Amino acid sequence: EVRERQALGELVEADRVKRAVATLAAMARAAFERIPDKLADRLAAIVDAQECHALLTVEIDQVLADLAAGAASLQLVADDGRG
């Protein structure tokens with residue numbers, strides 16, 4: 001039954017899942033660490049708190065959308081094509 005479920009792509013090896021999660025976590029960390037570099041000058045020039053909030057919200061939403069797309073593209077398929 002296990003082999004059949006693997007062949008159907010219903011089961012994957014835990015080490016591949018762990019690698020995929022570690023990759024996604026590293027992507028998330030790097031993306032969020034880039035936000036200050038990207039926005040510091042613009043935020044420093046903005047006086048209005050609501051405008052700062054809006055700028056940060058847009059950037060965080062973009063990072064989250066990029067991470068979701070990256071997560072969707074992570075591969076958990078074995079080198080031999082099995083799930």
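Here, every reference points to the structure presented above.
All figures in this text were calculated on a predicted structure; none of them were measured in a lab.

Student: With reference to specific residues and values, describe the overall build of the chain.
Tutor: Summing up its helical and strand segments, the chain has 3 helices and 0 strands in all. Mapped from its N terminus to its C terminus, the chain presents α and β elements in the order α-α-α. Per-residue burial for the chain yields a buried fraction of 18% across its 83 residues. Long-range pairs, those at least 24 residues apart, make up 67% of the contacts in the chain between residues at least 6 apart in sequence. In the form shown here, the chain has an accessible surface area of approximately 6300 Å², with 57% of it arising from carbon and sulfur atoms.

Student: An account of the environment of alanine 71 is requested, with residue identities and associated values reported.
Tutor: Position of alanine 71 among the secondary structure elements: in helix 3 (residues 49-73). As a C-alpha pair, alanine 71 and leucine 24 span 47 residues in sequence and 6.5 Å in three-dimensional space.

Student: An account of the packing of helix 2 (residues 14-45) against helix 3 is requested, with residue identities and associated values reported.
Tutor: Direction vectors running N to C along helix 2 and helix 3 enclose 155°, while the axes themselves pass 10 Å from each other. Judged by the inter-axis angle, helix 2 sits roughly antiparallel to helix 3. Relative to helix 3, helix 2 is oriented so that their crossing is right-handed. Along the contact surface, helix 2 presents Leu24, Met27, Ala28, Ala31, Phe32, Ile35, Lys38, Leu39, Arg42 and Leu43, while helix 3 presents Cys52, Leu55, Leu56, Glu59, Ile60, Val63, Leu64, Leu67, Gly70 and Ala71.

How each quantity is defined
Residues numbered from 1 in each chain as written. Predicted model: local features only at pLDDT ≥ 70, side-chain atom pairs only at ≥ 80, totals over all residues. Heavy atoms only, no water. Helix = DSSP H or I, 4+ residues; strand = E, 2+ residues; numbered from the N terminus. Buried < 20%, exposed > 50% of the residue type's maximum accessible area, 1.4 Å probe, protein only. Contact = heavy atoms within 4.5 Å. Areas by Shrake-Rupley, 256 points an atom, 1.4 Å probe, with all protein chains shown as cover. Axes fitted to C-alpha atoms, helices over the stretch in contact; angles between N-to-C directions. Parallel < 35°, antiparallel > 145°, perpendicular 65-115°, else oblique. Left-handed = near helix turned anticlockwise from the far one by under 90°.

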